[in-house]
Amino acid sequence: MKSFNPSESAAALAGITEVPTLCPYCGVGCALSYGVDADGTIHYARGRDGASNAERLCVKGRYGFDYAAHPQRLTKPLIRRESAYPRGPLSQFSQIDSSGPRKAGGIVDYTEVMPHFREASWEEALERIAEGFTRVRTNGGPHAMAGFGSAKGSNEEAYLFQKFMRTVIGTNNVDHCTRLCHASSVYALIEGIGSGAVTNVVRDIENAEVAILAGCNPTANHPVAASFMKQAAAAGTDLLAVNVRRPGIADYCSQYCQIKPGSDVAFYNAVMHVIIAEDLHDKAFIETRTEGFAELKAMVEEYPPAVGERLSGVPAEEIIAFARQLGQARSAMIFWGMGISQHVFGTDNARCLIALALLTGNIGRPGTGLHPLRGQNNVQGASDAGLIPMYYPGYQSVADAEVRKRFESLWGVDLPDTPGLTTAEITHAALEGDIRGLYCMGENPFLSDPDINRVREALASLDFLVVQDLFITETAEFADVILPASAFMEKCGTFTNTDRRVQKSQPVRQPPGEARQDWHILRDLAQRMGHDWNYPDESAVFDEFVKAAPLYANLSHTNIGETGRWYPCPHPDSQGERLLFADTFPIGRGRFVPAQLGTAPDLPDNDYPFILNTGRQLEHWHTGVMTRRSRALDAIAPKARVELHPDDARKLGVANEEWVELASRRGSVQVQALLTRDVAPGTLFLPMHFREAAANLLTSPALDPFGKIPEFKICAVAVNALSEVS
Amino acid sequence: MSDVSLTIDGVEVTVPEGTTIWEAAARYGIEIPVLCHDPRLEPVGVCRICAVDVGERTLPAACVRHVEAGMNVITANTEITAHRRILTELMLSDQPEQSRREATTGDDSLYALARELKVSDFPWPDAKSSSNPPRGQDDSSPVIAVDHQACILCDRCVRACDDIQHNDVITRTGKGHSVRIGFDLDVPMAESSCVSCGECVAVCPTGALTHQFLGETS
Ligand code: SF4
């Protein structure tokens with residue numbers, strides 16, 4: 001360049017406004033701005049200085065925003081044609097036995113599915129739904145209906161959805177995907193300390209001497225949170241990771257213990273055994289803040305390090321070193337993920353971590369606390385708003401007559417007095433004929449629930465199914481009516497992140513065609529079914545939610561503003577509480593709940609010699625409905641691969657990228673292999689996002705007895721090389 | 001830590017000991033132009049744009065120089081402006097004709113500085129047309145475009161990758177004129193351990209690291 005003569009100002013900035021909102025993906029809840037033009041086209045995302053991200057973003061937040069503008073967006077209500085009954089899957093991949101190397105993968109093929117639906121007016125679609133719901137209720141009673149809300153929706157939408165199911169339909173059969181991620185953790189937390197949310201925020205890890213990362217893979221699933229963990233490690237915090245599959249963050253940990261699948265309870269009991277034996281427990285805390293120590297002590301006495309070693313595979317001296325590191329730390333935080341919760345003994349696993357924190361006095365001070373890393377951007381808020389079958393908004397029990405009376409007067413209707421069914425129970429009940437109608441708002445149980453072959457049958461057996469979503473999902477293939485809904489970037493609402501921070505989104509674009517706001521759809525349906533719902537806007541819905549749930553007292557759309565607040569929020573001007581339970585727990589004393597090592601239901605044998613673990617990967621989100629329609633994310637991670645240890649691969653005669661068939665006692669998939677030493681010999685890892693290699697064809701529907709969470713982490717499979725395919 | 005009082009552009013300021021001149025000025029609303037520094041990063045003082053006059057023989061870089069009691073700092077005068085203009089012209093002399101950053105996120109700091117300093121023609125040879133080989137591009141990543149020609153070696157991306165996101169992917173490689181940023185052991189970005197968080201793009205002050213065009217298709 002010899003001279004400088006560009007235009008007065010940058011071309012890109014002309015006509016682009018940066019609108020402050022949030023990332024639509026994970027529970028970290030990063031604040032960002034979208035650079036948007038007048039047509040509502042998003043050009044880029046820029047990190048804002050949010051409480052949980054300090055301008056940082058990960059690949060999903062930075063580049064995964066274009067799904068809302070995908071050409072497959074639904075723009076009109078759709079009604080299933082008469083010829084498309086009896087109800088069943090419509091696309092090739094949703095049929096039985098339909099994965100493999102010669103078949104194209106990816107998102108639902110509209111050319112296969114669309115001919116089975118016809119476009120309808122909103123009037124016709126809503127009328128048909130009102131009729132359908134009424135028919136199911138008349139024939140089978142209100143409990144023949146069930147609803148799945150979504151942790152991707154706002155607090156306002158979650159609140160209205162559960163209110164719709166409870167007041168308009170008259171059932172507590174309302175749940176969402178929290179059941180599939182942290183239901184067991186929440187059960188154990190409510191039992192142990194009386195509150196299901198985190199006790200401290202991620203970023204307080206900077207004050208922790210030690211942090212335990214139990215069964216979580218934050219660099220993939222909570223990437224910006226992971227950046228603060230790594231930053232703390234660089235500044236001296238000792239990170240201790242425990243996992244069955246080496247998480248990326250192990251590179252930054254001072255200790256990594258690779259346990260055998262399902263042996264968490266044995267490992268943590270052995271750690272507690274050492275802490276007590278070496279007198280490293282916090283006696284003052286135990287004395288003044290807890291109860292049940294004697295029972296815990298008796299239980300963990302059975303788990304000396306040698307027993308811990310035998311059961312978990314971690315050498316006794318490493319268990320001892322781990323226990324000393326934790327026991328001697330002045331402050332320690334405990335983070336955990338699905339590796340803890342998604343087991344039939346998930347509640348027991350979480351009980352051990354809670355006991356560990358109580359035993360070492362690591363709750364209520366800076367740099368301490370319990371933090372189940374919440375997955376979806378609003379899984380905390382959706383649960384807070386009552387999108388669960390046993391609680392009204394704010395964790396108030398539906399079985400408590402006094403609470404019920406209060407809600408009956410708030411909502412002006414009589415309410416059912418029995419807790420409803422949970423996600424996987426609803427599928428079971430559909431198969432048994434007890435659930436006849438299902439309303440699915442933004443969930444895709446076909447891919448997200450265990451044992452797809454059963455889910456397929458269950459969905460096919462329904463009398464009436466309504467799906468409200470952005471796209472035709474695998475679940476929507478079974479629907480009688482599909483309603484076109486709004487995407488995150490098209491709505492205003494509040495979202496509560498893993499830190500309990502309530503933050504507000506702003507619309508930056510219009511829903512396409514005739515697609516509508518989800519809360520408008522709920523309101524219109526309620527009105528059509530004879531309920532006088534009148535809310536001028538989203539903030540009025542939020543105000544009613546706050547009135548229903550004292551948990552959110554003092555919050556409003558106005559004071560949440562662009563930066564958000566934590567709940568609990570002691571008064572309207574407060575920023576909210578970052579750190580909870582400095583002096584006492586909501587149930588007074590914390591409870592030690594001892595746990596005995598359990599047995600997984602679907603263990604390997606000669607026919608199914610491997611253990612399959614399922615989970616997530618950095619670039620994708622859940623059933624891929626959004627991320628596989630993002631050009632950037634799909635380009636970076638276009639296909640599923642199963643992780644296989646190189647030693648096993650050699651025995652099986654499988655090279656990297658070669659095709660294998662995985663078969664469990666319930667189904668099979670064909671997928672390419674990725675050889676890596678991150679998985680232990682004898683174990684495999686398959687991400688859940690890809691329908692053409694749907695992990696949940698393989699998983700078992702067995703449930704944790706308390707949290708009712710399925711066993712997604714242990715399932716016996718056989719692996720066979722598909723050598724004829726190149 | 002004790003406080004230190006000094007004057008910046010005639011304004012009496014008091015800041016904790018160990019504060020840099022750049023931070024002290026920012027705290028009092030005095031903006032000192034800079035390319036290689038960002039408040040989220042440890043300063044390195046390599047672009048020298050933030051040079052100020054503290055009454056010494058040379059102009060120290062405000063982003064790394066700590067305040068001293070009684071210091072009298074001038075952040076802009078004819079000499080400083082001339083210094084900044086020459087540096088800016090030299091940096092521009094081997095920039096590509098168009099800034100990709102101006103066309104994507106619109107926040108090219110080098111261009112903004114050139115506009116502010118009213119840079120137009122300059123006497124330096126066009127560094128691209130001399131005997132210097134072009135510095136090359138890396139388009140391997142689906143989301144991040146790398147144009148080494150636009151890189152001013154400010155190290156912001158290196159620090160963002162290491163010290164903000166802690167991904168430890170970006171570094172410097174090469175010697176002399178061929179110095180450039182590299183990924184892992186100098187492999188194409190898409191083959192490196194990069195996780196595409198885009199933090200390097202967010203902190204880059206020029207068109208060297210920009211978003212690939214991802215705008216929604218309508
Ligand atoms: S860490 Fe989570 S919230 Fe933040 S940008 Fe990534 S996906 Fe979005």
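Residues numbered from 1 in each chain as written. Chains lettered and ligands numbered in written order. Predicted model: local features only at pLDDT ≥ 70, side-chain atom pairs only at ≥ 80, totals over all residues. Heavy atoms only, no water.

Asker: Kindly report on the overall build of chain A, identifying the contributing residues and their values.
Answerer: Across its full length, chain A holds 24 helices and 30 strands. Seen along its three principal axes, the alpha-carbon backbone of chain A occupies a region of about 80 × 70 × 70 Å. Per-residue burial over chain A gives 67% buried out of 726 residues. The long-range fraction of contacts in chain A, counting pairs at least 24 apart against all pairs at least 6 apart in sequence, stands at 75%. If you sum the accessible surface of chain A, you get close to 23,300 Å²; carbon and sulfur atoms cover 49% of it. When the 68 positive and 86 negative side-chain charges of chain A are each reduced to one mean point, those points stand 2 Å apart. (Helix = DSSP H or I, 4+ residues; strand = E, 2+ residues; numbered from the N terminus. Buried < 20%, exposed > 50% of the residue type's maximum accessible area, 1.4 Å probe, protein only. Contact = heavy atoms within 4.5 Å. Areas by Shrake-Rupley, 256 points an atom, 1.4 Å probe, with all protein chains shown as cover. Lys, Arg positive; Asp, Glu negative; His and termini not counted. Charge placed at Lys NZ, Arg CZ, Asp CG, Glu CD.)

Asker: Let's hear about the domain arrangement of chain A: which residues, and what values?
Answerer: Where interface size is given, it is often the accessible area lost as the parts come together that is meant. Residue and element names in this part refer to chain A. For chain A, the domain assignment lists domain 1 (17-69), domain 2 (78-92 + 109-177 + 378-566), domain 3 (183-373) and domain 4 (610-721). Computed over C-alpha atoms only, the centres of domain 1 and domain 4 are separated by 29 Å. With nine residues of domain 1 in contact, the opposing surface of domain 4 contributes 12 residues. Carbon and sulfur atoms supply 73% of the area that domain 1 and domain 4 bury against each other, a total of about 880 Å² over both sides. Counting the contacts that link domain 1 with domain 4 gives zero salt bridges. Summed over the shared surface of domain 1 and domain 4, the number is three residue pairs in polar contact (both at pLDDT 80 or more). A per-class count over the side of domain 1 that touches domain 4 returns six nonpolar, one polar and two charged. (Domains from an automatic or database assignment. Buried area = accessible area lost by both parts, 1.4 Å probe. Salt bridge = Lys/Arg side-chain N within 4 Å of Asp/Glu carboxyl O. Polar contact = N/O pair within 3.5 Å; in protein donor to acceptor, adjacent residues only side chain to side chain. Nonpolar A, V, L, I, M, F, W, Y, C, P; charged D, E, K, R; others polar.)

Asker: Account for the packing of helix α4 (residues 155-169) of chain A against helix α20 (residues 518-528) of chain A, naming residues and giving values.
Answerer: Residues and elements named next belong to chain A. One way to put it is that α4 packs onto α20 with a least axis distance of 9 Å and a crossing angle of 20°. Taken together, the axis directions place α4 and α20 in an arrangement best described as roughly parallel. For the pair α4 and α20, the crossing hand works out as left-handed. On α20, the residues touching Glu 157, Leu 160, Phe 161, Phe 164 and Val 168 of α4 are Asp 518, Trp 519, Leu 522, Leu 525 and Ala 526. Grouping the constituent residues of the contact of α4 with α20 by class yields eight nonpolar, no polar and two charged. (Axes fitted to C-alpha atoms, helices over the stretch in contact; angles between N-to-C directions. Parallel < 35°, antiparallel > 145°, perpendicular 65-115°, else oblique. Left-handed = near helix turned anticlockwise from the far one by under 90°.)

Asker: Give me the lowdown on a negative patch on the surface, citing residues and values where you can.
Answerer: Taken together, the side chains of B:Glu23, B:Glu42, B:Asp163 and B:Asp168 make up a negatively charged region of the molecular surface. If you trace the backbone, B:Asp163 turns up in helix α5 (residues 156-164). (Patch = residues over 30% accessible without salt bridge, like charges linked within 9 Å, V, L, I, M, F, W, Y side chains within 5 Å.)

Asker: Pulling in residues and values, what's your account of the domain arrangement of chain B?
Answerer: Residue and element names in this part refer to chain B. You can read the domains of chain B as domain 1 (1-76) and domain 2 (95-126 + 133-211). Each of domain 1 and domain 2 has a C-alpha centre, and the two are 26 Å apart. Where domain 1 abuts domain 2, roughly 1,100 Å² becomes buried across the two surfaces, and 65% of that area is made up of carbon and sulfur atoms. On the domain 1 side of the interface with domain 2, the three residues burying the most area are Leu 35, Arg 40 and Leu 41, jointly 57% of the side's total. Here domain 1 and domain 2 share two salt bridges between them.

Asker: Give a detailed account of the interface of chain A and chain B, specifying residues and quantitative values.
Answerer: Facing the 40 residues of chain A at the interface are 45 residues of chain B. On the chain A side of the interface with chain B, the three residues burying the most area are A:Met1, A:Phe4 and A:Tyr63, jointly 26% of the side's total. Taken together, the links from chain A to chain B amount to three salt bridges. The partner of A:Glu55 in a salt bridge is B:Arg40, and the shortest N-O contact between them spans 3.5 Å. On inspection of chain A and its partner chain B, the count reaches 13 residue pairs in polar contact (both at pLDDT 80 or more). Listed by contribution, the elements that provide at least two residues to the side of chain A that touches chain B are β3 (42-47), α1 (59-63), α7 (223-234) and α23 (631-636) of chain A. Looking at the side of chain A that touches chain B residue by residue, the classes come out as 23 nonpolar, seven polar and 10 charged.

Asker: Could you give an account of the site of the ligand, with specific residues and numbers?
Answerer: Residues and elements named next belong to chain A. If you check the shell around the ligand, you find Cys 23, Tyr 25, Cys 26, Val 28, Gly 29, Cys 30, Leu 57, Cys 58, Lys 60, Gly 61, Pro 223 and Val 224 and nothing else. If you list the elements that add at least two residues to the shell around the ligand, you get α1 and α7. Across the shell around the ligand, the residue classes break down as nine nonpolar, two polar and one charged. (Near = heavy atom within 4 Å.)

Asker: Any details on the pairing of strand β6 (residues 145-148) of chain A? Residues and values, ideally.
Answerer: All names here are of chain A. Neither face of β6 is open: one carries Met 145 and Gly 147, the other Ala 146 and Phe 148, and all of them are buried. In terms of strand pairing, β6 meets strand β16 (residues 437-441) through four bridges, oriented parallel. Across the sheet, residue Gly 147 finds its bridge partner in β16, namely Tyr 439. Relative to strand β7 (residues 174-175), β6 runs parallel, the two sharing two bridges. Paired with Gly 147 across the two strands is Val 174, which belongs to β7. Since β6 and β7 lie parallel, the crossover through α4 that links them has a hand, and here it is right-handed. (Pairing = 2+ DSSP bridges. Right-handed = clockwise from strand over helix to strand, strands pointing away.)

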